[in-house]
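Structural overview for review
Residues per chain, in single letters:
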Amino acid sequence: KTQDFADYLGDISQRADAVRHGFVKRTEDNMLKITTDGRKAALDLRLVLPSSGFTFQSKVMRCAENVFENYIKTKGTQLVFCDTSTPKAGFNIYDELKRLLAGMGVAEDEIAFVHDATSEAKRSKMFDMMRNGKLRVLIGSTFKLGLGVNVQDKLIAIHHLDVPWRPADMTQREGRILRQGNENEKV
């Protein structure tokens, strides 16, 4: 935990106290907004404080290190789940993870966002590339990488940058790798 993150947690706590004691209107701040801001900050402080700088202690950096280690040690494919910060203009976790991985030496054409497959034909092609190992890292949300995604053939690891709200979504995530047809002895 960085000092900036610890300070932000203090702010979150004060906001929660203000809401609990009725010092703030629910239209201005509420527990759902506070919880969401806390989840974003735990993922990467830049999601709630854009002026924050990069830190090696962030979840996205640790994820990049883990993905890269598997990338180097195996020829397997990997899924990264992230629901909190999907691809969009400005800072987001998907682009940041891709930037970090490319900086470590992962070929950019071996990294993809499931959100870029905007048609069934594109999804099918992307999933074929995962199954044959031409695409090594696929990043997506639980909704887009959950049901109906059969890319387990060479899948060696699944990474969770955030925890989904519903327990059933976690089962969906894990179900991507623990399937018949996975060619790896150990995942």
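See the structure printed just above.
Just so it is clear, the structure is predicted and the values come from calculations on it, not from any experiment. (Residues numbered from 1 in each chain as written. Predicted model: local features only at pLDDT ≥ 70, side-chain atom pairs only at ≥ 80, totals over all residues. Heavy atoms only, no water.)

1. Details of the pattern of salt bridges
Per the counting criterion, the structure on display carries 12 salt bridges. Between Lys33 and Asp37 there is a salt bridge; the shortest N-O distance is 3.3 Å. You can see Lys33 and its partner Asp37 sitting in helix α2 (residues 31-43), 4 residues apart, about one turn around the helix. The exposure class assigned to Lys33 is partly exposed, which follows from its relative accessible area of 40%. A residue is classified by how much of its surface remains accessible, and Asp37, at 10% relative accessible area, is buried. What you see here is one network of salt bridges that share partners, running through Arg15, Asp29, Lys33 and Asp37. (Salt bridge = Lys/Arg side-chain N within 4 Å of Asp/Glu carboxyl O. Helix = DSSP H or I, 4+ residues; strand = E, 2+ residues; numbered from the N terminus. Buried < 20%, exposed > 50% of the residue type's maximum accessible area, 1.4 Å probe, protein only.)

2. Remarks on helix α3 (residues 59-73)
With 15 residues, α3 extends 21 Å between its outermost C-alpha atoms, agreeing within 8% with the 21 Å of an ideal straight helix rising 1.5 Å per residue. Taken together, the buried positions of α3 are Val60, Met61, Cys63, Ala64, Val67 and Tyr71. Angular distribution of buried residues about the axis of α3 spans 155 degrees; they occupy a single face of the element. Facing away from the buried side of α3, by more than 90 degrees, are the exposed residues Ile72 and Lys73. Check the buried side of α3 and you find it contacts α2, β1 (77-81), α4 (93-104), β3 (137-140) and β4 (155-160). (Expected span 1.5 Å × (residues − 1). Arc of directions from axis to C-beta. Contact = heavy atoms within 4.5 Å.)

3. A closer look at the state of the cysteines
Tallied over the full model, the rule gives 0 disulfides. In this structure Cys63 is not part of a disulfide, and its nearest cysteine sulfur, from Cys82, lies 8.7 Å away. On the basis of relative accessible area, Cys82 is assigned to the buried category, the value being 0%. (Disulfide = S-S within 2.5 Å.)

4. Quick look at the side chain of Thr77
With respect to the helices, strands and loops of the structure, Thr77 is situated in strand β1. Classification of Thr77 by relative accessible area gives buried; the value is 0%. A polar side-chain atom of Thr77 sits 3.2 Å from the main-chain amide nitrogen of Leu155. Those residues in contact with Thr77, other than ones at most four positions away along the chain, are Met130, Gly133, Leu135, Arg136, Val151, Lys154, Leu155, Ile156 and Ala157. (Polar contact = N/O pair within 3.5 Å; in protein donor to acceptor, adjacent residues only side chain to side chain.)

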